[in-house]
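One-letter residues, chain by chain:
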Amino acid sequence: MKKLITFVAAAAACMLLASCGAKDKKTTIGIAKIVQHPALDAVEQGVMDAIKDAGYDVDYDLQNANGDVNTAAQIANVYKTKKVDVAVGIATPVAVALANTLKTTPVVFGTVTDPIAAGLVDTLDKGKNNVTGMSDQIPTVEHIKLFAKVAGIKTLGYIYCSNEANSVSSLELVKQGCKEAGIELVEQSITTSSEVKQACESIVKRVDGIYLTTDNTVFSAIASLVDVFGKAKKPIFSGDVTAAKDGGIFMASGFNYYKAGRATGEMVVQILKGAKPADIPVRFMTEPSDSDLLLDLDAAKNCGIKIPAEYLESANMIFENGNLTEK
């Protein structure tokens, strides 16, 4: 009897230790981005801050694919081996790689322009299996109309990465915007960021200005684009405000990427609390407070453009004399 009691007590102790160990196991979240640039860095930080503010103390595995889809696939396999609790894919190529590899682990995509075209979800009303996330779709047609009106351009340049599904999808909206604005489009595709400068030099003399959608490959080499068009005294309109904060971009309108990161992080928190990705709709940044309008008066002066007072009054960011002022 004494041996039996001792055995039962020992077994109970083991079960208690195992239970405590399971409870104390720290949550691991993998966050991978396609390249490193200010907008995607802001998304990454927003995700982590939202999770922290929700009271979660987690371990992060932060990865950067450096613009390589093969590296993105390798990262996905690393997350599968490590058995991360949730995987976050920032930008389309990484999100697709995670979704293709992780079939049971929750995958949350961030800043994916067209998640349906990318095959991540079948509808915007809900997730698909273990995948859901946030879209960074921007009002491209309206942007181009505004650009044509304020800058008076007649021909528009557009450089995009043919390897990014979001950029190929955006091309159709750019074409629509040019058609509705009554301006001509000159497009140039690239495959890597090292090709951006050459692409700019190829089209700069054939256009009056250039429009940038949320193309990560282009933005990873934004300095060279700004340099080429700045020297040519031709305006740039960006759908990403983050990239315009250092100057050189005439006009930028788009949502705040840090807030987009927080929105993505809030979806991760829902999953940590027990929600299923398939039940969570795709999220969009649609509130007025989510968006910013930046006008660069230095760039406007360089291009010989006078900005109407109505736009100066509505802008919440003004770049002038080398400095950025936020209202």
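None of the values given here were measured: they were computed from a predicted structure.

Draft legend 1. Geometry of the overall build of the chain. Within the chain, the regular secondary structure consists of 12 helices and 14 strands. Expressed as lengths along the three principal axes of its C-alpha atoms, the size of the chain is roughly 95 × 40 × 35 Å. Counting over 327 residues, the chain shows a buried share of 51%. Looking at the chain alone, contacts between residues at least 24 apart form 65% of all its contacts between residues at least 6 apart. In the form shown here, the chain has an accessible surface area of approximately 15,300 Å², with 51% of it arising from carbon and sulfur atoms. For the chain, the distance from the average site of its 33 positive side-chain charges to the average site of its 38 negative ones is 5 Å.

Draft legend 2. Representation of the pairing of strand S10 (residues 251-255) in the model. Within S10, five of the five residues are buried, which leaves it mostly tucked inside the rest of the structure. One ladder, built from two bridges, connects strand S9 (residues 236-238) with S10; its direction is parallel. Looking at the pairing, Phe 237 lines up with Met 251 of S10. Bridge count for S10 against strand S12 (residues 291-296) is five bridges, and the pairing is antiparallel. If you follow Ala 252 over to S12, its bridge partner there is Leu 294.

Draft legend 3. Expanded view of the sheet that holds strand S4 (residues 107-110). As summarised here, the arrangement of the six strands in space is S2-S1-S3-S4-S5-S11, forming an open sheet in which the pairing is parallel. Two strands lie at the open edges of the sheet, namely strand S2 (59-64) and strand S11 (283-284), each paired on one side alone. In the sheet, strand S1 (residues 28-33) pairs with S2 via six bridges, with the strands oriented parallel. For Ile 31, the partnering residue across the bridge sits in S2 and is Leu 62. Against the sheet, helix H4 (residues 92-101) engages S1, strand S3 (86-90), S4 and strand S5 (131-135), with an angle of about 150° to S3.

Draft legend 4. Representation of the packing of helix H7 (residues 196-203) against helix H9 (residues 222-231) within the structure. For the pair H7 and H9, interaxial distance at closest approach is 8 Å and the crossing angle is 20°. Viewed along their axes, H7 and H9 adopt a mutual orientation that is roughly parallel. Taken as a pair, H7 and H9 cross one another with a handedness that is right-handed. Between H7 and H9, the contacting residues are Val 196, Lys 197, Cys 200, Glu 201 and Ile 203 on the first element and Ser 224, Leu 225, Val 228 and Phe 229 on the second. Looking at the contact of H7 with H9 residue by residue, the class counts come to six nonpolar, one polar and two charged.

Rules used in this analysis
- Residues numbered from 1 in each chain as written.
- Predicted model: local features only at pLDDT ≥ 70, side-chain atom pairs only at ≥ 80, totals over all residues.
- Heavy atoms only, no water.
- Helix = DSSP H or I, 4+ residues; strand = E, 2+ residues; numbered from the N terminus.
- Buried < 20%, exposed > 50% of the residue type's maximum accessible area, 1.4 Å probe, protein only.
- Contact = heavy atoms within 4.5 Å.
- Areas by Shrake-Rupley, 256 points an atom, 1.4 Å probe, with all protein chains shown as cover.
- Lys, Arg positive; Asp, Glu negative; His and termini not counted.
- Charge placed at Lys NZ, Arg CZ, Asp CG, Glu CD.
- Pairing = 2+ DSSP bridges.
- Axes fitted to C-alpha atoms, helices over the stretch in contact; angles between N-to-C directions.
- Parallel < 35°, antiparallel > 145°, perpendicular 65-115°, else oblique.
- Left-handed = near helix turned anticlockwise from the far one by under 90°.
- Nonpolar A, V, L, I, M, F, W, Y, C, P; charged D, E, K, R; others polar.

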